[in-house]
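# Inside the fold
Now for the letters of each chain:
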Amino acid sequence: MQAIIKKYSAVLKINWIQALEYRANAVVGVFAILSGLFIEYQIWSLIFESQSLTSVNGFEFRELMIFIFLSIIVGQLKSSWHTSGEMIEGIRTGDINKFLIRPISYFWYHFMMFIGVNSLYYTVYSSLLVALIIIFPGSIFPEIINIFGFILALLISIFLSYSIYYIMICCAFWFGEVRSIVVAYNLTMLVLSGQYIPIRLFPESIIEFLEITPFIYLVDFPVSIATGRMPTDMWLINFIFSIGWCIIMWMIGILVYNRGIKNYEAYGS
Amino acid sequence: MYIKISNLTKSFKMFKRTAGLRGALKSFFNRQYTNFFALKQINLELEKGEIVGILGENGAGKTTLIKLMVGLLHPTEGDVVINGYNPWKRNHEYLRGVTIVMGQKNQLWWDIPASESFLLNKHIYQIDDSIYEETLNELVDLLDVRDKLDVQVRRLSLGERMKMEIIAALLHRPSLVLLDEPTLGLDVIAQSKIRDFVKYYNKKYNATFIITSHYTKDIQEMCERVLVLHNGEQMYDGKFSELIRAINPDRRLVFEFSTVPEKSYFNNLKNKFKFELKDNILTAQLHESELKNLLSTLLDEFSPQSMSFEDLPVEETMKSFFQNPQDYL
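Residue indices begin from 1 for each chain and proceed along its sequence in written order. Here the convention is simple: chains get letters from A, ligands get numbers from 1, in the order in which they are written. Local features in a predicted model are, by the rule used here, given only for residues with pLDDT of at least 70; side-chain atom pairs are given and counted only at 80 or more, and totals for whole chains, interfaces and linings are based on all residues. The side-chain quantities take in all heavy atoms of the structure and omit both hydrogens and water.

### Looking at the overall build of chain B
On a plain count of helices and strands, chain B comes out with 12 helices and 13 strands. It is over C-alpha atoms that the radius of gyration is taken, and the globule rule equals 2.2 Å times the number of residues to the power 0.38. For chain B, the C-alpha radius of gyration of 25 Å lies well beyond 20 Å, the compact-globule estimate for 329 residues. Counting only residues that meet the buried cut, chain B has 49% of its 329 residues in that class. Residue contacts are counted whenever heavy atoms from the two residues lie within 4.5 Å of one another. Within chain B, contacts between residues at least 6 apart in sequence are counted, and of these 74% link residues at least 24 apart. Accessible areas in this description were obtained via Shrake-Rupley with a 1.4 Å probe; residue shielding takes into account the shown protein chains only. In the form shown here, chain B has an accessible surface area of approximately 16,300 Å², with 48% of it arising from carbon and sulfur atoms. Working convention for charge: Lys and Arg count positive, Asp and Glu count negative, and His plus the chain ends are omitted. For the purpose of locating charges, the reference atoms are NZ of Lys, CZ of Arg, CG of Asp and CD of Glu. Side chains of chain B give 42 positive and 44 negative charges; the mean places of these two sets differ by 8 Å. The numbering of helices and of strands both runs from the N terminus, where a helix is a DSSP run of H or I of at least 4 residues and a strand a run of E of at least 2. Burial classification: accessible surface area is computed with a 1.4 Å probe over protein chains only, and a residue below 20% of its type maximum counts as buried, one above 50% as exposed, and the rest as partly exposed.

Right under this line is the structure:
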């Protein structure tokens, strides 16, 4: 067990080192999220001012902004676009060979890679989170338990998001190129997970539909816990469902991989 | 038996389309698939510690065979058993004892020094600290790259990168080493260093090597045994020297006279043997038995200033072989 932990922490470490090699990329990435936050602020200010609104679906302006800011941060933390792009390219060009010839799990190797690549952002986003807590006291993490609930829900979101990407990536064993599927999913997921518009602003029928999908656990669930919008008596059932989705997606991923790898033609040299 | 390959066949599903936009559109709506057989009914048995070369022109199936042996591909038919394992099941125990170096692909991390990739492999293969240090030092010194360990991989020359790839591949002391075009694009000094290294490693660790190369010199210097593939079919499995003899049984004699004989002597000799004469040097390219007769005739009357028996250039022999392999075997 210790050897396995060492093995995968080494993968994590090398990806972290790799991420540090590209300082400019990291800085630009952080500015990208800040500009996203700024645009959201401008749009919602205009909506509230032009319509003379005091609240939307139970959200006052300040509460809505905090919810959206948190949603964008959580959305970025679970983002797998870099890792999924590399994995798809690897299957298409044969670069995946270097993982297949080594005694390591393809799924876990890339999960650690995903965490490693995102590690720089984790540090920066945590600082942003702390800043939000200081600027808006009481609006985020009203109780200590909300912090722990948020961290757990965030970890589930990261794993679930990666598992969904993994299923799409493994389809490349059949189709060669699946980036258009991933892009289509990214766009759909931005809306359905509540990354840019809170799900709570959607019509009731859509909310009911989303509650039986895994998307709600990607952004809305952790943010609802952090902002105290989800009553604590609802946490357990939601944690059970979200973990259930993780297991389902993980197992589908393994199944698709095991089938797909038989089709793999090890392109390239 | 360390490696046993029986009736191994590998086919790929490929789609056909004609060139141009029309062909692309037609293929988009109605894709025509065909089966391409990369390997057909291959049989091979190897003992531990052998060095075997796989020869064949482009598309003969060499790399496909290597990929099947390392477990990157599933066989369509037949079986591969290596050290008791089916490679495509990718059992971690099996993978810990095998490695592959592909000349055109790399396993090193491009943007960071090779030493970081080595450390990663140490953990992936669960290598003990002392064995890791010992092996790394040994390989680094043998391949003469100690001063390059902390340089980003993308800044290394092709030869240095290949040496680093070999080090990364051998850190866990694998018992089966698959080398696919290991000297591709390297200068003659780097090629020679890698050939010497293979022989050294094979001797020291009794590791089995399977090598593909377009450079016949690689095969000639490293491999006693060769497997020849042509269009996915097994044409020959045996000693390389015997293959060369079978393809071209001729050898060359270069005989330098100390004093140039009379013209009449050569006129008589020309009735019996085919040769060329330039100044005082006679060169003949004949079957070995004929060559012996010529030599004994010459030695009966002359003592040479110098003389030598030479094999014909292997590159040329193999070139003529691959043009029509069925004519030779």
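Next comes the rest of the description.
### Overview of the overall build of chain A
Scanning chain A for helices and strands turns up 12 helices and two strands. Taken from N to C terminus, the helices and strands of chain A fall in the order α-α-β-β-α-α-α-α-α-α-α-α-α-α. Projecting the C-alpha coordinates of chain A onto the three principal axes gives extents of approximately 65 × 40 × 40 Å. Looking at chain A as a whole, 54% of its 269 residues are labelled buried. Nonlocal contacts in chain A, meaning residues at least 24 apart in sequence, comprise 79% of its contacts between residues at least 6 apart. Carbon and sulfur atoms provide 70% of the accessible area of chain A, an area that totals close to 12,700 Å². Charge-centre separation for chain A: the mean point of 14 positive side chains lies 15 Å from the mean point of 16 negative side chains.

### Some thoughts on the interface of chain B and chain A
The partner chain A presents 32 residues to the 33 residues of chain B that form the contact. Two parts placed together each lose some accessible area under a 1.4 Å probe, and the buried area is that loss summed for both. For the chain B and chain A pair, buried surface summed over both sides reaches about 3,100 Å², with 59% attributable to carbon and sulfur atoms. By convention in these notes, a salt bridge is any Lys or Arg side-chain nitrogen within 4 Å of a carboxyl oxygen on Asp or Glu. For the pair chain B and chain A, the number of links is zero salt bridges. Polar contacts here mean pairs of N or O atoms no more than 3.5 Å apart (in protein, one a potential hydrogen donor and the other a potential acceptor; neighbouring residues in sequence count only if both atoms are side-chain atoms). Scanning the region where chain B abuts chain A turns up two residue pairs in polar contact (both at pLDDT 80 or more).

### Remarks on the sheet that holds strand S12 (residues 281-287) of chain B
All names here are of chain B. Here, strands pair whenever DSSP counts at least two bridges between them. Here we have four strands laid out as an open sheet, ordered S11-S12-S10-S13, and antiparallel in their pairing. The open sheet has two free edges, formed respectively by strand S11 (276-278) and strand S13 (304-311), since each of these has just one partner strand. The average angle at which neighbouring strand axes cross in this sheet is 15°, direction not considered. As defined by bridge partners, strand S10 (residues 250-257) adjoins S12 across seven bridges and the pair is classed as antiparallel. The convention used is that axes are lines fitted to C-alpha atoms, helices contributing only their stretch in contact, and that angles between N-to-C directions extend from 0 to 180 degrees.

### Section: the pairing of strand S9 (residues 233-239) of chain B
Residues and elements named next belong to chain B. In terms of strand pairing, strand S8 (residues 225-230) meets S9 through six bridges, oriented antiparallel. Its bridge partner being in S9, valine 228 is matched across the sheet by tyrosine 236. What sits between the antiparallel neighbours S8 and S9 is a turn of two residues, in which asparagine 231 has the positive phi angle 50°.

### Description of helix H6 (residues 106-135) of chain A
Residues and elements named next belong to chain A. Between its first and last C-alpha, H6 extends 42 Å over 30 residues, near the 44 Å set by a 1.5 Å rise per residue. At serine 119, H6 shows its strongest bend, of approximately 50°. Regarding H6, its N-cap is serine 105, as a side-chain oxygen of that residue lies 3.3 Å from the backbone nitrogen of phenylalanine 107 further along. For a helix, the expected span equals 1.5 Å multiplied by the residue count minus one. Bend at a residue means the angle formed by two fitted axes: the first through the 7 residues ending at that position, the second through the 7 residues beginning there.

### Section: the environment of B:Met235
Residue and element names in this part refer to chain B. Here methionine 235 is to be found in strand S9. According to the relative accessible area criterion, methionine 235 is partly exposed, its value standing at 24%. When the C-alpha atoms of methionine 235 and tyrosine 328 are compared, they prove to be 9.9 Å apart, with 93 residues separating the residues in sequence.

### Examining the nonpolar core
The biggest cluster of nonpolar side chains holds 178 residues, and the ones touching the most others in it are B:Phe118, B:Ile167 and B:Met318. Broken down by element, this core gets its largest block of residues, 15 residues, from helix H7 (residues 144-170) of chain A. If near-sequence neighbours (up to four positions away) are discounted, B:Met318 is found in contact with B:Leu55, B:Thr216, B:Phe240, B:Leu243, B:Ile244 and B:Ile247. Among the buried residues, those of types Ala, Val, Leu, Ile, Met, Phe, Trp, Tyr and Cys that are joined through side-chain atoms within 4.5 Å form a nonpolar core. Of all hydrophobic cores here, the second largest spans 16 residues; its members include B:Tyr265, B:Phe273, B:Leu282 and B:Leu298.

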